[in-house]
Amino acid sequence: EAQVTQNPRYLITVTGKKLTVTCSQNMNHEYMSWYRQDPGLGLRQIYYSMNVEVTDKGDVPEGYKVSRKEKRNFPLILESPSPNQTSLYFCASSPLGRSVGGFYEQYFGPGTRLTVT
Amino acid sequence: DQQVKQNSPSLSVQEGRISILNCDYTNSMFDYFLWYKKYPAEGPTFLISISSIKDKNEDGRFTVFLNKSAKHLSLHIVPSQPGDSAVYFCAASELNNDMRFGAGTRLTVKP
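Residues numbered from 1 in each chain as written. Chains lettered and ligands numbered in written order. Predicted model: local features only at pLDDT ≥ 70, side-chain atom pairs only at ≥ 80, totals over all residues. Heavy atoms only, no water.

Draft legend 1. Looking closely at the sheet that holds strand β3 (residues 19–25) of chain B. Residues and elements named next belong to chain B. The five strands lie next to each other as β1-β3-β8-β7-β6, forming an open sheet whose pairing is antiparallel. Every other strand in the sheet has two partners, leaving β1 (4–5) and β6 (56–59) as the edge strands with one partner each. Examined bridge by bridge, strand β7 (residues 62–67) and strand β8 (residues 72–77) share six bridges and lie antiparallel to one another. Across the sheet, the residue bridging to N67 is H72, located in β8. (Pairing = 2+ DSSP bridges. Helix = DSSP H or I, 4+ residues; strand = E, 2+ residues; numbered from the N terminus.)

Encoded structure:
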């Protein structure tokens, strides 16, 4: 089954304790992205990657790191989490670029709800 | 600065009636627009899309309308069903894979 998986699904942590949220896709997609969802703000892009070893900042990258050492994996790293990073996080993937006359929609993981106290 | 706006946080309709969800955007360079649907405890799933060269796209009960001069798009669901109750996100793309999302509208379809 084609899917994007994220782990953990729920995480409660304390300020300053480094954490990693994993993301993996089995569709051989080049493009992967991390979003956070906050009330009234929708989904905002944190980082994205267009292929292995190619990553770039999205709209809200402060306080986050990513890496893309393998095509299927795109972990999100919070080196020193703060309460304002309490949010619902989604990983997504798609083929790179545009399809002929169309657009490659992104496939989303189930989400990770993070609480930083 | 939100480039994609959904000004109605929630919408409630009766089963069988039409649901109309609205979305406005500010960036005239957007050339592709999508609607995603999200159920609780799940990730968003793609619903329907439209290219800027069209003004309408239909898929079963779902129709998306695009008014480029007004920078406005809408999603029509006819007839609405209780299973359509979800949060709907409007998204727009200017180039390649990047998308900008609206804040979402929670649709409740009452039996």
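There's plenty left to go through after this.
Draft legend 2. Representation of the side chain of S93 of chain B within the structure. Residue placement: S93 of chain B occurs in strand β9 (residues 86–93). A polar contact of 3.0 Å, which involves the side chain of S93 of chain B, links it to the side chain of R98 of chain A. With sequence-adjacent residues up to four places away left out, S93 of chain B is seen in contact with R98 and F103 of chain A together with M29, F30, D31, Y32, D98 and M99 of chain B. (Polar contact = N/O pair within 3.5 Å; in protein donor to acceptor, adjacent residues only side chain to side chain. Contact = heavy atoms within 4.5 Å.)

Draft legend 3. Quick look at the nonpolar core. All names here are of chain B. The biggest cluster of nonpolar side chains holds 23 residues, and the ones touching the most others in it are F33, W35, L73, L75 and Y88. For this core, the secondary structure elements donating two or more residues are β3, β4 (32–38), β5 (45–51), β7, β8, β9 and β11 (105–110). When residues in this core are grouped by element, the largest group, four residues, is from β9. Apart from the residues within four sequence positions on either side, L75 is in contact with S19, I20, L21, W35, L47, I48, F62, T63 and Y88. (Core = buried A, V, L, I, M, F, W, Y, C linked by side-chain atoms within 4.5 Å. Buried < 20%, exposed > 50% of the residue type's maximum accessible area, 1.4 Å probe, protein only.)

Draft legend 4. Spotlight on the interface of chain B and chain A. Listed per partner, the contact involves 23 residues of chain B and 26 residues of chain A. Note on chain B versus chain A: buried area summed over both sides is about 1900 Å², and carbon and sulfur give 53% of it. Looking only at chain B, the three residues that lose the most surface to chain A are Y32, N97 and F101 of chain B, adding up to 29% of its buried area. For the salt bridge of R100 of chain B with D59 of chain A, the shortest nitrogen-to-oxygen distance reads 3.2 Å. Taken together, the connections running from chain B to chain A amount to eleven residue pairs in polar contact (both at pLDDT 80 or more). Counting only elements with at least two residues in the side of chain B that touches chain A, the list comes to β4, β9 and β10 (100–101) of chain B. (Buried area = accessible area lost by both parts, 1.4 Å probe. Salt bridge = Lys/Arg side-chain N within 4 Å of Asp/Glu carboxyl O.)

Draft legend 5. Structural context of the packing of aromatic side chains. Here the structure, examined in full by the defined rule, presents 14 aromatic pairs over all chains. Between the aromatic rings of Y35 of chain A and F101 of chain B, the centroid separation amounts to 5.4 Å while the plane-to-plane angle is 85°, which identifies the pairing as edge-to-face. Residue Y35 of chain A is located in strand β4 (residues 31–38), and its partner F101 of chain B is located in strand β10; the two belong to separate chains. You'll find Y35 of chain A and F101 of chain B in the same group, each marked buried. With 6.3 Å between their ring centres and 80° between their planes, F30 of chain B and F33 of chain B make a pair best called edge-to-face. Accessibility assignment for this pair places F30 of chain B and F33 of chain B in one class, buried. The rings of Y35, F90 and F108 of chain A together with Y36, F46, F89 and F101 of chain B are connected pair by pair, giving a single aromatic cluster. The positively charged end of R68 of chain A is found above the aromatic ring belonging to F74 of chain A, 6.0 Å away from the centroid. (Phe/Tyr/Trp six-rings, centres within 6.5 Å; stacked < 30°, edge-to-face > 60°. Lys NZ or Arg CZ within 6 Å of the ring centre and 35° of its normal.)

By themselves, these figures tell us nothing about what the structure is for.
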